[in-house]
Amino acid sequence: MVDVTHGAEAIPAAEVPDVDLYHPHSWVEKYVFSQDAKIIAIQYSVTALAIGFVALVLSWLMRLQLGFPGTFSFIDAPHYYQFITMHGMIMVVYLLTALFLGGFGNYLIPLMLGARDMVFPFVNMLSYWVYLIAVLVLTASFFVPGGPTGAGWTLYPPQAILTGTPGHEWGIILMLLSLIIFIIGFTMGGLNYVVTVLQGRARGMTLMRMPLTVWGIFTATVLALLAFPALFVACVMMLLDRTLGTSFFMPAVVEMGQQLQYRGGSPILFQHLFWFFGHPEVYIVALPAFGIVSDLISTHARRHIFGYRMMVWAIVAIGALSFVVWAHHMYVSGMNPYFGFFFATTTLIIAVPTAIKVYNWVLTLWRADIHLNVPMLFAIGFIVTFVNGGLTGLFLGNVVVDVPLSGTMFVVAHFHMVMGVAPIMVILGGIYHWYPKISGRMLNEALGKIHFWITFIGAYAIFFPIHYLGLLGVPRRYHELGDAAFIPPSVHTLNAFVTIAALVVGFAQIVFLYNLIWSLFKGERAPSNPWRATTLEWQTPETPPGHGNWGKDLPVVYRWAYDYSVPGAKEDFIPQNQPPAVIQA
Ligand code: HEM
Ligand SMILES: [Cu+2]
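Residues numbered from 1 in each chain as written. Chains lettered and ligands numbered in written order. Predicted model: local features only at pLDDT ≥ 70, side-chain atom pairs only at ≥ 80, totals over all residues.

Engineer: Before we go on, may I ask you to explain the overall build of the protein chain in this structure?
Structural biologist: Helix and strand counts for the protein chain stand at 16 helices and two strands. A globule of 585 residues ought to have a C-alpha radius of gyration of about 25 Å, and the protein chain, at 25 Å, matches this closely. Along the first, second and third principal axes, the C-alpha set of the protein chain runs to 80 × 55 × 50 Å. In the protein chain, the proportion of contacts linking residues at least 24 apart, taken out of those at least 6 apart, comes to 80%. (Helix = DSSP H or I, 4+ residues; strand = E, 2+ residues; numbered from the N terminus. Rg over C-alpha atoms; globule rule 2.2 N^0.38 Å. Contact = placed C-beta atoms within 7 Å.)

Engineer: Would you mind showing me how to read the site of ligand 1 here?
Structural biologist: Around ligand 1, the structure places 24 residues, and the nearest of them are S59, G88, M91, G420 and R476. Elements with a minimum of two residues in the shell around ligand 1: helix 3 (37-67), helix 4 (77-113), helix 14 (409-439) and helix 16 (490-522). Per-element tally for the shell around ligand 1: the top contributor is helix 4, with seven residues. Broken down by class, the residue content of the shell around ligand 1 amounts to 13 nonpolar, eight polar and three charged. (Near = placed C-beta within 6 Å. Nonpolar A, V, L, I, M, F, W, Y, C, P; charged D, E, K, R; others polar.)

Engineer: In this structure, what is going on with the nonpolar core? I would like to understand it.
Structural biologist: Most often, soluble globular proteins keep nonpolar side chains buried together rather than apart. By size, the foremost hydrophobic cluster in this structure holds 165 residues, and its most contacted members are V214, I217, V293 and F378. The biggest single contributor to this core is helix 4, with 24 residues. Contacts of F378, omitting those with residues within four sequence positions, involve M425, V426, L428, G429, Y432 and F452. (Core = buried A, V, L, I, M, F, W, Y, C linked by C-beta atoms within 7 Å. Buried ≥ 20, exposed ≤ 12 C-beta atoms within 10 Å, placed from the backbone.)

Engineer: Would you explain the packing of helix 11 (residues 351-365) against helix 12 (residues 374-397) in this entry?
Structural biologist: How two helices pack is summed up by the angle between their axes together with the distance between the axes. Axis separation between helix 11 and helix 12 bottoms out at 12 Å; the angle between their running directions is 155 degrees. As far as their axial angle goes, helix 12 and helix 11 are roughly antiparallel. Seen from above, helix 11 lies across helix 12 with left-handed handedness. Touching A351, T354, V358 and W361 of helix 11 are I383, V387, G390 and L394, all from helix 12. (Axes fitted to C-alpha atoms, helices over the stretch in contact; angles between N-to-C directions. Parallel < 35°, antiparallel > 145°, perpendicular 65-115°, else oblique. Left-handed = near helix turned anticlockwise from the far one by under 90°.)

Engineer: For this particular structure, what's the right way to read the packing of helix 15 (residues 445-472) against helix 16?
Structural biologist: Look at helix 15 against helix 16: their axes get within 8 Å of each other, and the N-to-C directions meet at 155 degrees. Compared by their axis directions, helix 15 and helix 16 come out roughly antiparallel. The element helix 15 and its partner helix 16 pack so that their crossing is left-handed. A breakdown of the residues in the contact of helix 15 with helix 16 according to their chemical character gives 21 nonpolar, five polar and no charged.

Engineer: What's the story with the environment of A202 in this structure? I'm lost.
Structural biologist: Among the structural elements, A202 can be located in the loop between helix 6 (171-199) and helix 7 (212-244). Here A202 falls in the buried class, since 22 other C-beta atoms lie within 10 Å of it. In this structure the C-alpha to C-alpha distance between A202 and T243, which are 41 residues apart in sequence, comes to 50 Å. Discounting chain neighbours no more than four positions away, the residues touching A202 are L113, G114, A115, L554, P555, V556 and V557.

Engineer: When you look at the environment of V362 in this model, what are you seeing that I'm missing?
Structural biologist: Following the sequence through the fold, V362 ends up in helix 11. C-alpha of V362 to C-alpha of I183: the two residues are 179 residues apart in sequence and 36 Å apart in space.

Engineer: How do you make sense of helix 4 when you look at a structure like this?
Structural biologist: In an α-helix there are 3.6 residues to a turn, and that puts residues three or four apart on one side. Taking 1.5 Å of rise per residue, the 37 residues of helix 4 would be expected to cover 54 Å, and the 50 Å separating its terminal C-alpha atoms lies within 8% of that figure. At G105, helix 4 is bent by approximately 50 degrees, the largest bend along its length. Of all 37 residues making up helix 4, 35 are buried, and the element is well covered by its neighbours. A positive phi of about 75 degrees marks G114, the residue just after helix 4. (Expected span 1.5 Å × (residues − 1). Bend = angle between axes of the 7 residues up to and from the residue.)

Engineer: Explanation requested: unusual backbone geometry in the structure shown.
Structural biologist: Negative phi characterises most residues that are not glycine, and trans characterises most peptide bonds. Backbone torsion omega between P157 and P158 reads 5 degrees, so that peptide bond is classified as cis. One can find P158 in the loop between helix 5 (121-140) and helix 6. Even without glycine at this site, L155 takes up a positive phi of about 55 degrees. Structurally, L155 is set in the loop between helix 5 and helix 6. A count of 22 C-beta atoms within 10 Å places L155 in the buried class. Phi at N549 is positive, roughly 65 degrees, even though this residue is not glycine.

Engineer: Explain the environment of P211 here, please?
Structural biologist: Topologically, P211 is positioned in the loop between helix 6 and helix 7. A tally of 29 C-beta atoms within 10 Å means that P211 is categorised as buried. Each C-alpha atom, one on P211 and one on Q576, is 10.0 Å from the other, the two residues being 365 residues apart in sequence. Apart from residues lying up to four places away in sequence, P211 is in contact with M112, D295, T535 and A561.

Put into structure tokens, the structure is as follows:
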């Protein structure tokens, strides 16, 4: 350990009050308007989980309608569209993006890198409060005349704006505003994550010694900083179309026999902007999940990650490639066939680095000392589910296969596997893994296992049959199927089954919530490094870590993050900050 006060003589006295600025002086500064990344992480996570719960309830309502059509009269067609839209957007942006980057990012980046905090703590604090405003604006749309927008989470114009769409009065305006605010807030956080990774690492923490969790979050943040601006301008332009009558996206249209004042806009331009953001968004969610899963399996299998460098470069390659595939979401938009060929090719190339990652996870687990505890179960659940969703991605990436499947429930099943179930597995596994550090208490293992098995089996019970429905041609975004000849009666039985599975999985999350709250007060006290992990966040002098994370001395890093079961070492793990002299038996 190196004394950080070493060299402190060089800091002119005048700067000391400046440093002091960042220390909380009151309860409010400590827990509410906090500049401590750890508190901001908890604020982000709680807010994201709360709004995510709303999205979960909306999915129950949609499933009730699909499983038992006509039984619940308040779920009419306009409401169904509103539920779909809010469910999709909340899950993707306000839950997953905010939780992985604002939640996990804030907690883990400084701690895993041996930094005291993010580099711009004040801006980091603002990032959360702006995010909260975005969430509140979005929530407000449930209470305005006309309700939230029913445009679908893709918000395609012209229908998002035309009066036939529910929520065309206020809902769409609030949705666009909320997204704009979200992006502003995210940018403040995102610049912090990137600059902290580049500038805030402890001595010895080279880029190629960073845990893969940090690599995943870092690369995802870079993607988000490049992709969100496309959505930002799209939202601003659409807002102008809606409120001032400009024609960026609105073509000349006749509505209810009336020629509207719009002319000359391009709805396809919106699709390009949306998916230029929308595809990288999948990886904004997936890359942190890749990183976290690598660290979970390495720690709980007591094995170094197989092919660390390859894993890093695969993350970077997937991130880069994700910017040249967006139009695979637009195969049915009437584009030039050569264009489709290009995007199908780039899409399928992503399978290469992705497969490398999967092989390396499997090879890490191969003949390892696997501890099947809750974080490990969720990590394996992720790998299996991601492979599953990846395989259907190969179907949909090919133009000729996609065209008939586009707009069916097959697409819904595919993206729920890849970017719904799989990342949620990682989020849950990550919470079980880091909860002891965050709260100082262990979560209950038995409740955790019940939670895992119901969630895992339940997710397959929900989404497996939906693939089959899609192959039969059952369309997505349909409020009711009616009696079309191609829909056999078994579809209705399956739909009822899926709905029951969805309700069971939903209620299993209450076990999790109970575990989180109960353990906070009654859980077993956590030792500072319960998983005997190598990464720096487990080596803090206090658990939970105090403000500034490291007490007086910053850690110094001597090795990578994966020294598990090293032959000749006295313990089966060597923390990153262990000097070489003390590791021999
Ligand atoms: C228990 C969990 C879930 C259930 C039961 C569920 C159910 C549904 C249903 C019934 C639909 C509408 C299908 C249609 O008629 O087209 C839907 C759409 C959607 N869901 Fe989920 N969902 C769940 C979790 C998630 C998660 C975790 C995500 C995060 C990525 C997500 C993202 C979406 C998106 C993006 C849409 C598309 C909305 C649209 O078509 O505009 N869902 N979900
Ligand atoms: Cu895509």
